[in-house]
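# Results of the structural survey
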Amino acid sequence: MRTRTETRPEGSAAAPAAKDPAAARPQDSPERRSSRPSRRFRPNGGPGRFAVFAAPGLLAYLALVLVPIGMTTGYSLTNKNPFNPPTQWVGLSNLTSLFSDDDFLKALQNTVVITVIVTLVTNAGGLAIALLLDRRGWLYNALRSVFFVPVVLSAVVVSVIWQSILVDDGLLNTVLRQLGVGHPPGWLSDPSLALYTVSWVIAWQGLGFCVVIYLAGLQGIPQELYEAAAIDGCGPMMRFRHVTWPMLAPAVTINTVMSLIGGFKAYDQIQVLTNGGPGPNTTSTLAFQVVQTAFNGNHVGYASAMAVAMLILVATVSVIALGWLQKREVSS
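All chains use their own residue numbering, which begins from 1 and follows the written sequence. Local features in this predicted model are restricted to residues of pLDDT 70 or higher, and side-chain atom pairs are both shown and tallied only at a pLDDT of 80 or more, whereas totals for entire chains, interfaces and linings draw on every residue. Think of the side-chain values as coming from all heavy atoms in the structure, minus any hydrogens and water.

## A short note on the packing of helix α10 (residues 223-231) against helix α11 (residues 236-247)
Orientation is described by lines fitted to C-alpha atoms, with helices fitted over the stretch in contact, and by angles between N-to-C directions that extend from 0 to 180 degrees. Secondary structure elements follow DSSP: runs of H or I of four or more residues count as helices, runs of E of two or more count as strands, with numbering from the N terminus. The interhelical angle for the contact between α10 and α11, taken along N-to-C directions, is 160°, at an axis separation of 10 Å. With respect to α11, the element α10 is oriented roughly antiparallel. Handedness of the α10/α11 crossing: right-handed. Judged by residue contacts, L225, Y226, A229 and A230 of α10 engage R239, V243, T244 and M247 from α11. All amino acids are sorted into three groups, where Ala, Val, Leu, Ile, Met, Phe, Trp, Tyr, Cys and Pro are nonpolar, Asp, Glu, Lys and Arg are charged, and the leftover types, Gly among them, are polar. A class-by-class count of the residues in the contact of α10 with α11 yields six nonpolar, one polar and one charged. These descriptions rest on fixed angle ranges, namely under 35 degrees for roughly parallel, over 145 for roughly antiparallel, 65 to 115 for roughly perpendicular, and the rest for oblique. Note on convention: near helix rotated counterclockwise from far helix by under a right angle means a left-handed crossing. Clockwise means right-handed. We call two residues in contact when some of their heavy atoms are within 4.5 Å.

This is the structure in structure tokens:
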């Protein structure tokens, strides 16, 4: 049997190789490649685009914060009085005079008392209410909204409402008389009670903010920690001490600093409820004294020195409190 063999002439093409999918695909043309979106993120505009978006906020901050602070600092170094020109440079004499000004020192004392009361009441009350409202259900959701309503109201509106309640012939004293109290306290007219009454109103309005912050902190605590503590035999008080309180350290920081700032800048409630009285400077605060000195006494330079001193005091206390509380967060 003869075997047939085929021979290929020299120079003929070799046997076709297996098809390569990559080789079989047609190469993209430059026009086609340029039409495809790039997979690598490329910022469009770079710093210029950032400047466009940041400019409105920066300009507003510059115009409404930095420029007024600079102008106030400049006025504090003069004896500016719009009705008694010319304005003269007095240097630091306005600031040094504050330490011997009885009205300023009394306002500083009242401000410290209000700040301490507001900080303690809002944090303690806010935490207690948050623990009670840390439940599920429509009723607890409605109560959260009720406690937050005073926060969104104007301080003037809140003060007018409380004034109608706390005046000598107001709702509270009317109820007390019907209950048999012959001489109800003068909540706003008694010099020994007026400062604490105003402090209570300020704390009442800021209570809802603390409740919301503490609720957010409570809902962010993992339930596994409570389960592990219960397995170890910890009761409710031990769980609060070793689990809840350390985990609420960031919320405590926020509420404490915000309460300190709110107490130091209290003005609206003082103006509406007592107008600094009863009596001379009984409830006057730093912010109230600044406004009275600038607009009633027309001593803009001296009032600016008060404002600068108030700014330095608030900034110093806030930085110290923030640093101390943040160390507690790390240690917790």
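## Here we look at the environment of M71
With respect to the secondary-structure elements, M71 resides in helix α3 (residues 47-76). Here's how the labels work: a residue is buried when its accessible area is under 20% of the maximum for its type, exposed when over 50%, partly exposed in between, all with a 1.4 Å probe on protein chains only. Look at M71 and you get partly exposed, because its relative accessible area is 44%. With 233 residues separating them in the primary sequence, M71 and S304 have C-alpha atoms 8.9 Å apart.

## A word on unusual backbone geometry
The peptide bond linking P85 to P86 adopts the cis configuration, its omega dihedral lying at 5°. Topologically, P86 is positioned in the loop between α3 and α4 (93-97). Note that the residue after G277, namely P278, is joined by a cis bond; omega there is 0°. Positive phi is not limited to glycine here, since N298 has a value of about 60°. Here N298 shows up in the loop between α14 (286-296) and α15 (300-331).

## What to know about the nonpolar core
Take the buried Ala, Val, Leu, Ile, Met, Phe, Trp, Tyr and Cys residues and link them wherever side-chain atoms come within 4.5 Å; each set so joined is a nonpolar core. V211, Y214 and L248 are the most contacted members of the largest nonpolar core, which has 20 residues in total. Put simply, the parts of the chain that give this core at least two residues each are α5 (102-133), α9 (194-219), α10 and α12 (249-264). In terms of residue count, α9 provides more of this core than any other element does, seven residues in total. Y214 has contacts with N123, G126, L127, A130, L248, A251, V252 and N255, leaving out every residue within four places of it along the chain. Of all hydrophobic cores here, the second largest spans 15 residues; its members include L166, L195, A203 and A266.

## Let's talk about helix α7 (residues 155-166)
For α7, which comprises 12 residues, the first-to-last C-alpha distance of 16 Å matches the rise-based estimate of 16 Å (1.5 Å per residue) to within 8%. For α7, every residue scored as buried is listed here: A155, V158, S159, W162 and L166. Relative to the axis of α7, the buried residues are bounded by an arc of 95° and lie together on one face. Along its buried surface, α7 packs onto α6 (138-152), α8 (171-178), α9 and α13 (268-273). Capping of α7 at its N-terminal end is provided by S154; its side-chain oxygen lies 3.2 Å from the backbone amide nitrogen of V156. One fewer than the residue count of a helix, multiplied by 1.5 Å, yields its expected span. Read the arc as the range of directions from the helix axis to the C-beta atoms. As used in this structure description, the phrase polar contact means that two N or O atoms lie within 3.5 Å; if the pair is within protein, one of them must be able to donate a hydrogen and the other to accept it, and residues adjacent in sequence are counted only when both atoms belong to side chains.

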